[in-house]
Each structure stands twice: as structure tokens, then as C-alpha cells.
Amino acid sequence: FPQRRALLAAAKIAGLPRPQLLHEVSAAALQRALDLDLSGANGTQNESLVLFYNMGARHTESCVVRYTGAQHMGKSTVAMNVLGCGLTSELGGHLVDMEIAGRMLAAFQAKHPKLADGIVSSVRALKKLEKEAMGAKHVLSANKEANFRVESLYEDTDFSQQVRRETVEEWCAQIFAAFSAPIEKALRNANVTLGDVDTVEMIGGGWRIPRVQALLSEYLQAQRPQGAPALNLSQHVNGDEAMATGAAFFGANSSTSFRTKKIFFTDSTPHAYTLELAPLNASQPHEEGWATTVEIFPAGSKLRAKKAVKVTVGFDLKAVILENGNPIVRWELAGIHDAVVGKYVNLSTPLVSIKLDLDSSGVVQMSSATAIFDENVTVEELVAPARAAGNASGNASGNASGDAAGDAAAEDGDAAGAAAEASGEAEDAANASSSTNASSPSKVVKTKIKKRKVLIPVVEMFDGVSPRPLSEDECRLAAERRGLMDAGDAEVRKIDAARNALEAFIYESRDKLNDDDHCQQVSTEDERSKISEALMAMEDWLYEDEAREANASALEGKLGSLQDLVIPIRRRAWELEQRPSLPELIDKVKAYVNQTLAYVEANMTWVDAKERDGVANLTANFVEWFGNVSAQQAQLELTQEPAYTAQGVKERLHRMQSEAQRLTKIRKIDFDYSKYGDQSGGYGGYGKGYDDPRMRAYYEAMMRNYTQNGTNGSDWWRNFGNYSGFGGSGFGGWNNSDYMRSFYEHAARNFSDSANASGEEGGAGESAGAEPGDGAGGAAGGSGAGKSEL
């Protein structure tokens, strides 16, 4: 518990958002889940029970994990549930190291009696033995013999001893005897047997010891039921890295910023937590020897579990959390006694509710503590008068109440109690009706219990807990100190970067002025001499105390003063170097533009001439401009600022090329509808088309025969479906323009005679059912059928 609290505090101080701890075996099991196929397809299983055996340096742990096939967004995935874990501190790789080191220490003392007492007090010598013992353990894992040798172990005395694997196994027999304890405890906590286990996964570094592997294999074979397949020691994940990679995947799986395979994960705690409650202040009235113990989270409890503990007391409490029987944190609940003897002195002893959480990191937190007092209060309620069932008169309320009471008694099965209750209600109703109107509700005084809640402040204490976790204020102050240190480190990095930039600029500028021909051509001797002196002075200043103590702003200012002297010369040198390459580039761009204009004019006739003229004018303007600035540049000395820059020329050329390319991307419009009107334009936009006499007659006839609600009853519209009767040949008599021809073709495609015929049949069907003389019925039916056909 203190380690977990310390890790969370360190993450909070470091500024990590939403830190969460993950059990190391659970992390390795999560990594294993990525490679499992439990979809049930192709004969695969839908469930697997795996026993993980983790032998580390100082402890050995075993966990039982159940994997189940699941579905997420239509894809097969895995749901894993940690059923139970077992832990022992009597077996570990470091314990083996210490046993070997102790035996080698005894051998050295026996071999060198004069140094026997001194070596025990030499920390350096003991660390050498421990380091060599670890190496010998690794060698003996693959070989039967190893040479234990330490040069200058103590007092310039070398030590060498031959060690055999069988000998080490005899030395560590008592340590290896605890190998099965975590397995048995894990199976017991998971409520399963070894016969239910499908696979055994080995993780950690200590399991590589041959004797441990042999003991595990013998144990698994002996404990399996008769006829069950043998359990082999498997290693499907990297035992040294699976914890870290599994934890990284858990973080990615919990975030919306990463796209990962969804794994449903449920973890449990291997520790048992108990709450002890006792009076905080012995001077407050309480029962002698009062104390209570409650098991809140037994071993194997699921993380994110909640627990509420309720006691009826009138004094302040002291709450202690025990982890596996060891106290880890204490809370003081002060304020209960003050509420009892103060504001709520006339009320009964309160019920104290304590809420505890087992968070996702396995840390027990007390979320709140509340004292609840019960207070009897009287309230007035309006009761509506009873209604008569078979008589609507106002004087039948008593009989109706009696009938209702009898029915209620029959339903409840208690005739006597129901009759008495009904009689009382009838009497109350009769009294109410005698003093008030029979239809008005009556007031009834009732007694109710109202809960008065008092929030009890919770003070966390760590007396006797080592190492003591940091409090909230201590974490906040530590985070502030870290912020100041980060700001200081950032300023140091900024100063170093500014100093390096200044120093690099000095060396680079000196090389350019002395060795670059272009720089010498565009500068005078006096300018170069002046700049060299400034560079030398600045280089000397860098080795002075003022420069070592200067901040980033001062160094950047020094760099700026040198740049004001050097940059103009280097810019002129750059222009002098780039100027000869411009004519070739200009010729290429001009040739491209001219070819593009010729192609567009010959093959893309739909491109407006104004577009081509714009590109041509842009090119002509550039040629004129470049000729002027070139003439000006020819009159200038190389030591003067140039009349134009290579970058400016390239920007103008790029614009010319882009405009030429734009012409090739203009698409052809097959039909120009704008000539039919500049208001709506195109097909369906009437615009100037209304000025045509035939079109105007068409619109007038349509408006005369078309009503506001979209229905009609005229022969004009009924004949309209055949597109005939207008000029003797459909719509041809109305308008013979290309605009109307396009309209007619569209109508013929979408309003054929077959469609109209089906519409007429529907209309005829409906008209058959209409009243005689109702001509609108048939027309409406035909119109509706025509719409459904469309």
C-alpha cells in the first residue's frame, strides 16, 4: 500500500494525467490476450483458464486468469478476468543469490581465518560476493558447474571456489520448498482446481532455475486428475518485458487517442482489507470497550468496488485500514459528538455511514462519512374525498367508502383490519363533509421521519506507517517545486542554445568572409575589416565572466548586432551566386506558357479569349519588368544592394506558370442555358423565355387552369397528359425553339403515354366510386396515380 501511494504521488508530482497502477501479472496476462483466438471458429475454444507463475527477485506470485471470447463492434475479441492470486515472499531469485553469497562468505572465512572478522564489516566485499553469486546462478542455470571467482575480494585477497548445481540445490532446498504455496493460494482464491486449468504460463526471471522447473512439472503432473492432459510449462510472452508492454497496451486501450484491439479487462486485488472502528476520544460518552471490525474487501475483490459501513454511535470515531492484517492508514472522524450534543441534541443517536472505495490502482480510499439523524416532523396533507361507485349524488360518500373498504379487505385477505381502516376513513370523510363542501379535499395531519444528514470531515493520518505517503499539500508543494525546476532547466537550455548559436555564427561568418569569393566581391576591404574586428571582439567576450552569467536575451541581442553587419554582405553574395541561373529558368517558363497558350487556343475553344489574354499580358509584364530591373542592376556596383532578388523573380515565374496551368483545367460546358434568361437561366428558368409569344400563351393557359392547392378539374389538364392538342403535334405548335425542344425531349422521357395511361386507369378507378356528376373525383384520382408513377 505505501509503495502504491508513493508511485501515484510521484506520477502526480511529475504532471502525468490520470495515473493508474496495473498489477504486473495482470499486465502480462493482458499482453497474452492479444494473441489469443477465442472466436470459436475453426474448432477453437471459446474459453481458456490460464495459470500464470511469476517468480521474481524477492517474491513469487501466481494468478488464475479466465479468457473468454467476446464481440466488439462486430469483431472478435477477448474478455479477461483475473479470478485470484497467491503471493509468497519465501521464494525469489534474490534469495537464491543471498544463499550462495552466504555460503561463499563462509568458505572465504574458513580459508582465510585472519580476515574472517574484517570481511563481515566490509560492505564493498559483501556486494562483490552478491554480484558474483548472481552470475554463478545464471551460469548454473545452463551448466552443471561454475567457477565462483572474485579478484581482490578483501585486503587484496582473491577468492575462487568451484560450485556445482546439485550443491546449490541442496543449499536452497528450504527456499525451493515454497514453490507451490502461491499456486495453491491462487487456486483457492479463484475457487477452481488444477484440473480446470488449460495452460501454465511462466513469466519473470527466476523461473529459469532448473530445479524450480523440475519441481513445478512434478507438482502439476501429480495434482492433475487421472486422464487429464499434462500441463507443460509454456512461455508465450517475454517474461521480462510482458509486464511493461502489457501496461503500455492497457494505457492505449483506455484512451480514445489510440486505435487498438479492444480487450475487456477485469482485475482483482490479491490483498485483504479490513476496517477497524474505535472511539477517537475516550472522554466522550461511549460503551466501555466498544470496537468493531468489518472485512470490507476480501482477497480477490474486483477493483473499483465500493463498500458502505454503517454503525449507530454518538461519539467521534477512529478508523484503521488493515492490509493483510497490517495497519496502513488511519482516519479520524471528528464532528459526530458535536452534532449529537449541539444542534441535534433532542434527536436519537445517529446512524454513521462510512463509504469506502477500492480504486482501479488497488488503493483503498474513504470517499465520505455522514451522520444521519431521524427527526419526526408533522405535515398536513390534502386528502381528496371518496367517490361513490354506483350513485353520483353527494350524500353517498359514506356508502362508497364502505364498499371500497370491503373490496380492499377482500383483496388483502385481512377482512377485519381492512374493515376497521375503511370505517375510520369513512368517519373522517363524513366529518369533513359535514363542515365543508362534499367535493372539497380535507386536511390530514401526519407524522413523517425526515433524515438530517451531517457531513463528517475525514482527516487522514499515517502514524506508524513507513514509508509515510505524501499528503495533498505536500504533493502540491512538490509539484510547484518541480515546476520551478523545469522552468530553470528550460532557461538553461535556452541559454545554451543562444550561446551555441552565437558561437556558430561567429565561426561561420569568419569562414565566409575570408574564403568565399562571392562575399569578397560584394564587400569592400573596410567592411570586411570592420566585421572581422567585431567577430574577434565577440569571441573574446564569450570567455569573460559577463558572458558566462548572461541570460538568453543578452546572448540573442549580441547575435542580432553581428547579424546586422554580416547578413547584408551574405545576402548580396547569395544574389550574385543565383543571378546567372535566372535567364535559363525564365526561358523555360516562358516556353511553357507559350506552348500552353497555343494548345489552349487550338484544342480548348471553350476557354474565353479574355482568359488567354490575361496570361499573355502577365507574361509581357514580366518581360518588361525584368528588362528594366536588369538594366538597373547593370548600372549598380556589386557592393550595392541589388535592384531585384532571385526569390522575387521566382515568385513571378511561379505565378505565370500557375495561371497557364489553370487554363488547362477549365472544363467545357456543353450547353449554354444563359441565353434563355439572365434571371434564373437554363432549363426551368423562365427568364427571357416568357417574352416568346408562344411561351407566354403557354404560361397564361397554365395559370388559368391551375389552382392554389395543386388540383384541377379542367379538360385542359386532362388533355395535357397526352401532350397533344397544341398546334396539332404535341408541344411542337407552342414553340419550335431549341429551348422548347430541350423541354419537350425532357417531358417525353419522363411523361410518356404509358405513364399517363396508368395514371388515367387510376383516375378511372376512383371516378367509378365517385358520386354522379362529381367530375373532380376522377381527375384527382388520375393526378394521384400519375404522381405515384413518377
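To be clear, the structure that these remarks concern was listed above.
Residues numbered from 1 in each chain as written. Predicted model: local features only at pLDDT ≥ 70, side-chain atom pairs only at ≥ 80, totals over all residues. Heavy atoms only, no water.

J.: Would you explain the nonpolar core in this entry?
T.: The nonpolar side chains of a soluble globular protein tend to be buried, and buried together. Counting residues in each nonpolar core, the largest one holds 51 residues, and the members touching the most others are Val64, Phe148 and Leu153. Counting residues per element, this core draws most heavily on helix α3 (residues 93–111), which supplies 6 residues. In this view, Leu153 contacts Phe108, Ile119, Ala125, Lys128, Leu129, Asp158 and Phe159; residues no more than four positions away in its chain are not counted. Of all hydrophobic cores here, the second largest spans 37 residues; its members include Leu275, Leu317, Leu333 and Val454. (Core = buried A, V, L, I, M, F, W, Y, C linked by side-chain atoms within 4.5 Å. Buried < 20%, exposed > 50% of the residue type's maximum accessible area, 1.4 Å probe, protein only. Helix = DSSP H or I, 4+ residues; strand = E, 2+ residues; numbered from the N terminus. Contact = heavy atoms within 4.5 Å.)

J.: Is there a simple way to explain the pattern of salt bridges in this structure?
T.: Side chains carrying opposite charge are able to pair once their charged atoms draw close together. For the structure on display, the rule yields 30 salt bridges. A salt bridge links Glu375 to Arg452; the shortest N-O distance between them is 2.5 Å. Taken together, the positions of Glu375 in strand β15 (residues 364–383) and Arg452 in strand β16 (residues 442–455) put the pair 77 residues apart, joining distant regions of the chain. On the basis of relative accessibility, which here comes to 23%, the residue Glu375 falls in the partly exposed class. A salt bridge links Asp486 to Arg482, with the nearest nitrogen and oxygen atoms 2.5 Å apart. Highlighted residues: Asp486 and Arg482, both in helix α14 (residues 472–515), separated by 4 residues, approximately one helical turn. (Salt bridge = Lys/Arg side-chain N within 4 Å of Asp/Glu carboxyl O.)

J.: What is the right way to look at the packing of aromatic side chains in this model?
T.: Each aromatic ring pair is specified by the distance between its two centres and by the angle formed by the two planes. One pass over the structure, following the stated rule, counts 10 aromatic pairs. Seen from their ring centres, Phe108 and Phe159 are 5.7 Å apart, and the 75 degrees between their planes marks the pair as edge-to-face. Of this pair, Phe108 sits in helix α3 while Phe159 sits in strand β5 (residues 157–164), placing them 51 residues apart in sequence. Judged by relative accessible area, which is 0%, Phe108 ranks as buried. Ring geometry for Trp625 versus Phe626: centroids 6.4 Å apart, planes at 50 degrees, classification tilted. Residue class for Trp625 comes out partly exposed when judged on its relative accessible area of 21%. Through successive ring pairs, a cluster of aromatic residues spans Phe622, Trp625, Phe626 and Tyr644. Between Lys558 and the ring centre of Trp541, over which it is positioned, the NZ or CZ distance is 4.9 Å. Looking at Arg652, its charged tip hangs above the ring of Trp625, at a distance of 4.0 Å from the centre. (Phe/Tyr/Trp six-rings, centres within 6.5 Å; stacked < 30°, edge-to-face > 60°. Lys NZ or Arg CZ within 6 Å of the ring centre and 35° of its normal.)

J.: Would you explain the packing of α14 against helix α16 (residues 525–542) in this entry?
T.: Think of two packed helices as two axes; the pair is described by the angle between the axes and how far apart they sit. Their axes nearest at 10 Å, the elements α14 and α16 cross at an angle of 150 degrees. Looking at the two axes, α14 sits roughly antiparallel to α16. Relative to α16, the crossing made by α14 is left-handed. Contacts between α14 and α16 involve Arg499, Leu502, Glu503, Ile506, Tyr507, Ser509, Arg510 and Leu513 on the former and, on the latter, Arg528, Ile531, Leu535, Met536, Met538, Glu539, Trp541 and Leu542. (Axes fitted to C-alpha atoms, helices over the stretch in contact; angles between N-to-C directions. Parallel < 35°, antiparallel > 145°, perpendicular 65-115°, else oblique. Left-handed = near helix turned anticlockwise from the far one by under 90°.)

J.: Help me out: how do you make sense of the sheet that holds strand β13 (residues 326–333) in this one?
T.: Backbone hydrogen bonds are what pair the strands of a sheet, in a parallel or an antiparallel way. The sheet built from 5 strands is open, its strands ordered β10-β9-β12-β13-β17 with antiparallel pairing. Edge positions in the open sheet fall to β10 (292–297) and β17 (458–461), since each of these has one partner strand only. On average, adjacent strands in this sheet sit at an angle of 25 degrees to one another, irrespective of strand direction. (Pairing = 2+ DSSP bridges.)

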